[in-house]
Structure formats: structure tokens, C-alpha cells
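Understanding the architecture of this molecule
Here are the chains, one letter per residue:
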Amino acid sequence: MRWLTVVALVILASLQCWADTYLQNPRGSNNRLDENTANRKNANRLFDSQNNDKGGYNTGDLFKGEFGSHARRQYSMKYYGSGKDAASKLMVEWTNQHGCGRDNTKLECNIVIQYMCMNNGTDDDYPFSSSKSTDEVLKRVLYMRDGTSTNTQDYKAPNKGESDKKYISRMETNYESRVSKTRGLHETVWWYDMCRYREANGGLFTADQDLDEDNVGYVTASRTRQNSDGDRSGYECPEERDYFPYWVPTLQTEHHDEDAQRTPWIDAAWLGDTSKCSWMKKNSFNRNAKYRCVLSTESDERKYGRSIDEASCEEEGGSWVKFHSFLEVLTDVTTESDCKEAAKSEGDNNIFWDKLRSDDETEVCIVQAPIMECTNAPWTRVNHLGNAYGYDKHFRTPNASRFEFDLPYFPSGDAKRCVLRLRYNISTTDYDGWNTFSDSNENDDVIENDPEIDVFGDGNGFELALNTAQTGRTFQDRSHIFQVLPRTDDMAGKTIYNLNVRGKRGNIVQTFPATEYDFVPDHLAITKDDLVHVQWTGSNSHDNNNDGDAGEGKDGTDRSNILQMNDASESYPLEIKEASFWDGVRSLTDPDADGTDIAIGLASAGYYCSEKGTDNCPKDMSLDGLNPAHVPYWRVNN
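Now for a description of the structure that goes with this document. (Residues numbered from 1 in each chain as written. Predicted model: local features only at pLDDT ≥ 70, side-chain atom pairs only at ≥ 80, totals over all residues. Heavy atoms only, no water.)

**Describing the overall build of the protein**
For the protein, the helix and strand inventory stands at 9 helices and 24 strands. Relative to the globule expectation of 26 Å for 638 residues, the C-alpha radius of gyration of the protein, 25 Å, shows essentially globular dimensions. Once the C-alpha set of the protein is aligned to its principal axes, its extents read approximately 75 × 75 × 45 Å. Sorting the 638 residues of the protein into buried and exposed places 57% on the buried side. Counting only carbon and sulfur atoms, one obtains 44% of the accessible surface of the protein, whose full area is about 26,300 Å². The positive charge centre, built from 71 side chains, and the negative charge centre, built from 106, are 3 Å apart in the protein. (Helix = DSSP H or I, 4+ residues; strand = E, 2+ residues; numbered from the N terminus. Rg over C-alpha atoms; globule rule 2.2 N^0.38 Å. Buried < 20%, exposed > 50% of the residue type's maximum accessible area, 1.4 Å probe, protein only. Areas by Shrake-Rupley, 256 points an atom, 1.4 Å probe, with all protein chains shown as cover. Lys, Arg positive; Asp, Glu negative; His and termini not counted. Charge placed at Lys NZ, Arg CZ, Asp CG, Glu CD.)

**Examining the environment of Asp-61**
Checked against the element boundaries, Asp-61 lands in strand β2 (residues 60-61). When the C-alpha atoms of Asp-61 and Ser-539 are compared, they prove to be 5.4 Å apart, with 478 residues separating the residues in sequence. Of the polar contacts made by the side chain of Asp-61, one reaches the backbone nitrogen of Phe-67; its length is 2.9 Å. (Polar contact = N/O pair within 3.5 Å; in protein donor to acceptor, adjacent residues only side chain to side chain.)

**Describing the packing of aromatic side chains**
All told, the structure shown has 17 aromatic pairs when counted by the stated rule. When the centroid spacing of 4.6 Å and the interplanar angle of 45° are considered together, the rings of Tyr-246 and Trp-247 count as tilted. For the pair formed by Tyr-246 and Trp-247, the shared burial category is buried. In textbook terms, an aromatic cluster arises when at least three aromatic residues are bridged by ring pairs, as seen for Tyr-167, Trp-190, Tyr-197 and Tyr-304. Across the ring face of Tyr-192, the terminal group of Arg-232 is positioned such that the distance to the ring centre comes to 5.9 Å. Positioned above the aromatic ring of Tyr-218 is the side chain of Arg-306, whose terminal nitrogen or guanidinium carbon lies 3.8 Å from the ring centre. (Phe/Tyr/Trp six-rings, centres within 6.5 Å; stacked < 30°, edge-to-face > 60°. Lys NZ or Arg CZ within 6 Å of the ring centre and 35° of its normal.)

**Re a negative patch on the surface**
Together, Asp-210, Asp-212, Glu-213, Asp-229, Asp-231, Glu-442, Asp-444 and Asp-445 make up a negatively charged patch on the protein surface. On the secondary structure map, Asp-231 appears in the loop between α3 (189-197) and α4 (238-242). (Patch = residues over 30% accessible without salt bridge, like charges linked within 9 Å, V, L, I, M, F, W, Y side chains within 5 Å. Salt bridge = Lys/Arg side-chain N within 4 Å of Asp/Glu carboxyl O.)

**Here we look at helix α9 (residues 595-603)**
Within α9, 8 of the 9 residues are buried, which leaves it mostly tucked inside the rest of the structure. Turning to α9, its buried residues number three or more, namely Gly-595, Asp-597, Ile-598, Ala-599, Ile-600, Gly-601, Leu-602 and Ala-603. Between a side-chain oxygen at the N-terminus of α9 and the backbone nitrogen of Thr-596 the separation is 3.1 Å; the capping residue is Asp-594. Of the residues flanking the end of α9, it is Ala-605, one or two places downstream, whose phi is positive at about 55°.

**Structural notes on the packing of helix α2 (residues 164-178) against α3**
With their axes 11 Å apart at the nearest point, α2 and α3 run at an angle of 140° to one another. What the angle tells us is that α2 and α3 run oblique. Crossing of α2 against α3: the hand is right-handed. On α3, the residues that touch Tyr-167, Arg-170, Met-171, Asn-174 and Tyr-175 of α2 are Val-189, Trp-190, Asp-193 and Tyr-197. (Axes fitted to C-alpha atoms, helices over the stretch in contact; angles between N-to-C directions. Parallel < 35°, antiparallel > 145°, perpendicular 65-115°, else oblique. Left-handed = near helix turned anticlockwise from the far one by under 90°. Contact = heavy atoms within 4.5 Å.)

**Structural notes on the side chain of Lys-139**
Here Lys-139 is to be found in helix α1 (residues 134-142). Engagement of the side chain of Lys-139 in a polar contact is seen with the backbone oxygen of Asp-124, the distance being 2.6 Å. Sequence-distant contacts of Lys-139, that is, excluding residues within four places in its chain, are made with Asp-124, Asp-125, Tyr-126, Pro-127 and Arg-145.

**Quick notes on a nonpolar patch on the surface**
Residues Ile-453, Val-455, Phe-456, Phe-462 and Leu-464 make up a contiguous nonpolar surface patch of roughly 480 Å² in combined accessible area. Structurally, Ile-453 can be placed in strand β16 (residues 452-453).

**Points about the environment of Thr-428**
Looking at the secondary structure, you find Thr-428 in the loop between β15 (416-427) and β16. Along the primary structure Thr-428 and Cys-109 are separated by 319 residues, whereas in three dimensions their C-alpha atoms are 9.0 Å apart. Here the side chain of Thr-428 touches Asp-430 through a polar contact of 2.6 Å, side chain to side chain.

**Regarding the pattern of salt bridges**
A pair can form between side chains of opposite charge whenever their charged atoms are brought close. Here the structure, examined in full by the defined rule, presents 30 salt bridges. In this structure, Arg-196 and Asp-214 form a salt bridge, with 2.9 Å as the shortest nitrogen-oxygen distance. Placement of Arg-196 in helix α3 and of Asp-214 in the loop between α3 and α4 is noted, with a sequence separation of 18 residues between them. For the residue pair Arg-196 and Asp-214, the accessibility class agrees, reading buried in each case. If you follow the salt bridges from partner to partner, you end up with Glu-93, Arg-402, Arg-502, Asp-518 and Asp-522 in one network.

**Digging into the sheet that holds strand β12 (residues 364-368)**
If you trace the 3 strands from one edge of the open sheet to the other, you get β10-β12-β11, paired in antiparallel fashion. Each end of this open sheet is capped by a strand with a single partner; those strands are β10 (328-329) and β11 (350-354). Two strands pair when backbone bridges link them, and β10 and β12 are joined in this way by 2 bridges, in the antiparallel orientation. Counted as the bridge partner of Val-329 is Ile-366 from β12. Contacts from helix α7 (residues 336-344) reach β11 and β12 within the one sheet, and its direction differs from that of β11 by about 170°. (Pairing = 2+ DSSP bridges.)

**Side note on the environment of Tyr-424**
Tracing the chain through its elements places Tyr-424 in strand β15. C-alpha separation for the pair Tyr-424 and Glu-346, spaced 78 residues apart in sequence, amounts to 32 Å. Here the side chain of Tyr-424 touches Gly-99 through a polar contact of 2.8 Å, landing on its backbone oxygen.

**Observations regarding the state of the cysteines**
Put plainly, two cysteines are in a disulfide when a covalent bond ties their sulfur atoms together. For the coordinates displayed, the defined rule picks out 6 disulfides. Between Cys-195 and Cys-237 runs a disulfide, and the two sulfur atoms are separated by 2.2 Å. Judged by the torsion about the S-S bond (70°), the Cys-195/Cys-237 disulfide is right-handed. Here Cys-195, found in helix α3, pairs with Cys-237, found in the loop between α3 and α4; they are 42 residues apart in sequence, far enough to count as distant. Each member of the pair, Cys-195 together with Cys-237, is buried. A sulfur-sulfur distance of 2.1 Å marks the disulfide that ties Cys-293 to Cys-313. A torsion of 85° about the S-S bond marks the disulfide between Cys-293 and Cys-313 as right-handed. Here Cys-313 lies in helix α6 (residues 310-315) and Cys-293 lies in strand β8 (residues 290-294), a separation of 20 residues in the sequence. Grouping residues by exposure puts Cys-293 and Cys-313 together as buried. (Disulfide = S-S within 2.5 Å.)

See below:
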């Protein structure tokens, strides 16, 4: 079997560590859901974070109580997407423990920011049923969700020599009964099953780690240097998680589903050594087709093989098929000429007419995401889960690490539901991680597990606590599900700045490694033509078993508000009637609301929605049993 030799992302730290990276905005889950404990209940619920159990934020609540078993009572953040000629800017903020940034001599580091989306649909598309009908099974298998249970999705694994008939039967079991409507879902079970068949890349440096054979009889992509036992986290593929850019297309379905429009992972940014930007962009899936081995397209046969190169695929009896990445497919554009016309007025996206996969029979109008951004990572010192030094104009020092992300533009005008993930990849500098491959495995001259160092030169060595599974390693955090909404007509051509709240209830010790409350961004300079989307959410179940509830208000609740201060150095807010800031503020989404209405809604954390009451915003939300954990999301201009 041939192997790919790759210059993949170098994955993490020096010596032995249990380190961390945490998304602060948008709120990172760290696999939390709605726990009322300081520690998460399930570290493998959706993904492998490698983080401490104490990190993360709960899913937002829509009303004043806990959402419990009712998915409709969860609140997903709702952002307006970018337009073809103006961006919607979301400040991504995170902390990472082991340092990063240019000229950091103690480690190699990079940050990968990606997102995955699908059509949002309606409430009827949410998988509320356990029926085995085709429609309900598709909902459970495809619909991205936070879920209402902290359990991990179930999975029935393949065995060695599995026949096509047994494969079909096993996958029917996975689809119909192993994927639960109540459990969270990001990647699909189809994607993970393909990972369990695909052979691990034998060109990778795994040091002296012994990657166990999978039950199919060989080492698969479910096992890596830092996950040699093949532990499963949701339906995430460990090899894809640990290496970037990945050599296999990250599509989540066998064929494109027009209703779901499930995207692969879309690359938003790579932050690291800028001398590698050209190579990274060239190998990003956003604009560069990737291939995988397809054994069959027949419904009663297994579709994917073990091979990861063309020659081996042909030996296996498969076809080496090319796949395009896509942000969406314009299903109402049915001719090449109309697709070319759509491309003329496009912004940073790429629109073209082609087959999504080279063995398809029909061509479609494909929308691809912008070329990923590539720049320096914020500089942070080693063993400090705190503020960073930034290199660009959008970064005020000191602050947590930040990247200003332009939310995607979907030309279809359809609302989407998405998840964002941030991967923190660090590697020891004891060897050249970019140029060390499998021919150096088991070579103690490169690096070894727990080496003895003869410090005194007398033959009595000190054992260095060095775990080679952790000298190249990836940490990760992901947001909860959020929505990207199409713009209204009066937002056209205007830059939107998303103003959110980071942090949660408690003092600094109780919240750590999350933070106490603050706005993100905390400084915002805009022009008269810009728009600000004010929005935040919180949880009604975060009381850490009554051991993390410092602060005012009802126990276990998150609440935030906005009031004008006369001066940033003072502690007392102005009365609303004296707060001149709101005089020129208007809402695009509630034109009947004046500045005072908006000020009251934001000041009272949504207890009152406005002064006089409007069609979109009743005067007193508490009368409707709301008093929500999220703020009424105003889109305003000044």
C-alpha cells in the first residue's frame, strides 16, 4: 500500500501536558450542553477538545427557565450574513494555554478557524421523531443540533471482511436507531464510518507511538499519534481533526442533498507562519478540489474504500473521484449561462458550473467560499491562559486572542445553521515538525518517550517526563449551533458589526477558564452608514451546584445589559432620559421603536422590551413569562 507524504499541520506541545484552548466568542461549548455543574458531563459528546473539563459555556436559553428536554426552548445566536459587497463582522475571541505567535521560540503553533453549515429550514425540519420513515431518518442523520442530552451519539462499527450486504445492514442500523434525535450532531455518521474504513496515512510521523489496528484489520484514520486507541468523540474523524490541510474532501454526505445543503468544513483562516500562506491556501479545500477512492455508486454496495492514493485505489478496484467544496448549490439556477450570469455580480465567493463530483451525471451551479485568510497568530506566552499581543489594526492590546471573521455570504438568500470550530495546534521544536515523516518513527535520535538524560555525566540519568503522543498535538473548541440569516433590503451595502457579550455568572475563580462578563468587541468605532447588531445569550442552569454563583440576580442565571456611562472611569450609569447616545439610534428590524425603546430594552436585559410597546417588541416581556436569558436582538444604526 502506498502512503501519502504530507506537510500537514504540526499538532502540539512540548513535554507532557493537558492543555487547553477555549472559545470565548462566539461562546465555546467545550462539549457542555446545559450542565449545572462546574465540570462538563461528557468530554466526547460532539468532538475531542483535549481540554480541561471545567471550560465551556452552556447552550443559551430562550425563556426565563431551563430548556430541559425541549429543543425549541434553546436560543441559538442569530447573525446576519455578509452581503456580496459588504461584510458582517464577528469578532472570534479565544484563549490558548501553551503560547503561540511569531518569534515564539519555545514552540511551533498555528490556529485553524473553520465553519460548517446547512439549510436552517423550519421547526418541522428538526428531528423530533424516532420514526424509521425515510424523511425522519434523514432529519436525524443530517440535521445539525446541540441536542437535549449530554450522551454521545451511538455507532455500530464494521468488522474485518465485512460483505456489502452486511455493510448495508449495519449502516441501516446506524441511520435508523443509532443516531438519536435527542443527542447533539455536527459531523454525520456516514463521515465517521468512512473514517473507520480509510487507511491511516502511513507517511505521518508518529514517533514511538503504537497505533493499534482497527477491527477491520489495519490501522485506520480513526487512530493518530494522540489518539492511538481510536477513541470516538461524536462522529468526528480523529485524523482529519489532527491534520490540516486534510488530504481527503470533508464532505458529510455521499451525494449532495438539495434540501439539507450540508457543507464540508469551510476554511475561514489559518493563523501562523506567514511564509507558509501560499502552500496553505493552495491546499485548502475551499477552492482546490480533492480526491478520494470510490468503490461503487450502487445502492446495495459499499461506496468507500481504504485507499488514500490513486494507484492503491485502482488496485482496490475503485475509482479516483474528484470532489469540489461548496458553500451552497444554487438549485434555482439550472443552466450554465444563468450560472455565469450569477457569477458576474458575485463578491468574494466563487460561482461556477460543474459537477460536484467527477462521477456525477449532471452539472450544477456551485458557490464556493472565499479563499481562506492567512496571517500571523496573536502572540501569547507559554503557560498563560490569558491575553495576547496582536499584529493587526483590529486588535487592541491587551485582550484575549482575536480574529475578525467575515461571516459567509449565501447568495441563495436561505437562512443557515452553522457551527464554528477553532483548532489550536502546537508542536515541540525539538525536531523539525514540517519535515519529519514516518521514516523517522521509532528513531530515538529524533525524540523518544520518557528519555533518560545523563545530566551529571556519571551514568545516573534523570528521566524526562516526555510523552511523544503530546509533542505534536491539537486542542479544539467549537461554538454551539448558530444561525446565519439573509439580510433585509435596507441592510444592502452596509457593514454590520456584531456586538456580543462574553463570559458567564461567577467570580474569576468560579468562571475560569471561561471569563467574567465583558462586551466583544469592547471598543467599536463605526461610521454613520454602519450597522451594529446587538445580541447576547446566557444560561439558566449554570449554578455549579451552588458553587459558582457569585453575583446578583436569581441563582444560576446569566443576564447582561447595556447602559450609557457619563465617563468610562465612573461606576454609575446615566438615567435613560439623560443618555444622549440613544437620540439618533434607530432599529432596522423594528422601525416603530425609537431610541428610548431600544435603551429600555437593552438596559433591562429584556425584562422590558420597549417603553411604549411595538408589534415586534411588547412593552413588558415578563408578562408573557419571558424575561429571557437572551437580549432582544436589535439591528441598529446611528
